[in-house]
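# Analysis of the macromolecular model
Letter by letter, the chains look like this.
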Amino acid sequence: MATPADTAVLGGRLAVRRCAAVGVIVFGVLFLLCWLGATLGWLNVSHMYVSLFTNAPVASLAAFGAGLCWSVVFGGVVGALTALAYNALGFLGR
């Protein structure tokens, strides 16, 4: 039995809100991991990802708060744009 989500995928369209939510989760978790890596000194390059979203010192709570907020916003926009672009280019798969 097909659910509404299955028919949306079978119909060749992605749900914009679902893709935006996925972007929010992925970018939020990625920012959290990079901030932890930069704060604890585990990864040398993770501070560059944190610096994409804030000018505050990487190990500060201000960087965590502001950076996480902007990363989540950016993830939502990227997820929504991905779904919109995929849906707009649906004619290529026919």
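Residues numbered from 1 in each chain as written. Predicted model: local features only at pLDDT ≥ 70, side-chain atom pairs only at ≥ 80, totals over all residues. Heavy atoms only, no water.

## A short note on the overall build of the chain
Across its full length, the chain carries 4 helices and 0 strands. Just so you have it, the chain exposes about 6400 Å², and 75% of that area is on carbon and sulfur atoms. (Helix = DSSP H or I, 4+ residues; strand = E, 2+ residues; numbered from the N terminus. Areas by Shrake-Rupley, 256 points an atom, 1.4 Å probe, with all protein chains shown as cover.)

## Examining the nonpolar core
With 8 residues, the main nonpolar core is built from Phe27, Phe31, Cys34, Trp35, Tyr49, Val50, Phe53 and Ala63. Within the residue set of this core, elements represented by two or more residues are helix 2 (16-40) and helix 3 (46-51). The element contributing the most residues to this core is helix 2, with 4 residues. (Core = buried A, V, L, I, M, F, W, Y, C linked by side-chain atoms within 4.5 Å. Buried < 20%, exposed > 50% of the residue type's maximum accessible area, 1.4 Å probe, protein only.)

## Details of the packing of aromatic side chains
Under the defined criterion, the tally for this structure stands at 6 aromatic pairs. Between phenylalanine 31 and tyrosine 49 the ring centres are 6.4 Å apart and the planes differ by 50 degrees, which places this aromatic pair in the tilted class. Placement of phenylalanine 31 in helix 2 and of tyrosine 49 in helix 3 is noted, with a sequence separation of 18 residues between them. We classify tyrosine 49 as buried; its relative accessible area is 15%. Grouped by ring-pair contacts, the aromatic residues Phe27, Phe31, Tyr49, Phe53 and Phe74 constitute a single cluster. (Phe/Tyr/Trp six-rings, centres within 6.5 Å; stacked < 30°, edge-to-face > 60°.)

## Concerning the confidence of the model for the chain
For the chain, the average pLDDT comes to 87, and 86% of its residues sit at 70 or higher. By mean pLDDT, the top-scoring element of the chain is helix 4 (residues 61-88) (96), and the lowest-scoring one is helix 1 (residues 4-10) (54). (pLDDT = per-residue confidence, 0-100.)

## Here we look at the environment of tyrosine 86
Looking at the element boundaries, tyrosine 86 is found in helix 4. In this structure, the C-alpha to C-alpha distance between tyrosine 86 and glycine 12, residues 74 residues apart in sequence, is 8.8 Å. Setting aside chain neighbours within four positions, we find tyrosine 86 in contact with Gly12 and Leu14. (Contact = heavy atoms within 4.5 Å.)

## Topic: helix 4
When the terminal C-alpha atoms of helix 4 are compared, their 40 Å separation across 28 residues agrees well with the 40 Å that a helix rising 1.5 Å per residue should span. Here helix 4 has its buried residues at Ala63, Gly67, Ser71, Gly75, Gly76, Gly79, Ala80, Ala83 and Asn87. Where the residues of helix 4 are buried, they touch helix 2 and helix 3. (Expected span 1.5 Å × (residues − 1).)

## Comments concerning a nonpolar patch on the surface
Residues Trp70, Val73, Val77, Leu81 and Leu84 make up a contiguous nonpolar surface patch of about 500 Å² in total accessible area. Mapped onto the fold, leucine 81 is located in helix 4. Using a relative accessible area of 51% as the deciding quantity, one classes leucine 81 as exposed. (Patch = residues over 30% accessible without salt bridge, like charges linked within 9 Å, V, L, I, M, F, W, Y side chains within 5 Å. Salt bridge = Lys/Arg side-chain N within 4 Å of Asp/Glu carboxyl O.)

## A short note on the packing of helix 2 against helix 4
Packing of helix 2 against helix 4 brings their axes to within 7 Å, and their N-to-C directions diverge by 145 degrees. When the axes of helix 2 and helix 4 are compared, the crossing they make is right-handed. Here the residues of the contact of helix 2 with helix 4 sort into 18 nonpolar, 8 polar and no charged. (Axes fitted to C-alpha atoms, helices over the stretch in contact; angles between N-to-C directions. Left-handed = near helix turned anticlockwise from the far one by under 90°. Nonpolar A, V, L, I, M, F, W, Y, C, P; charged D, E, K, R; others polar.)

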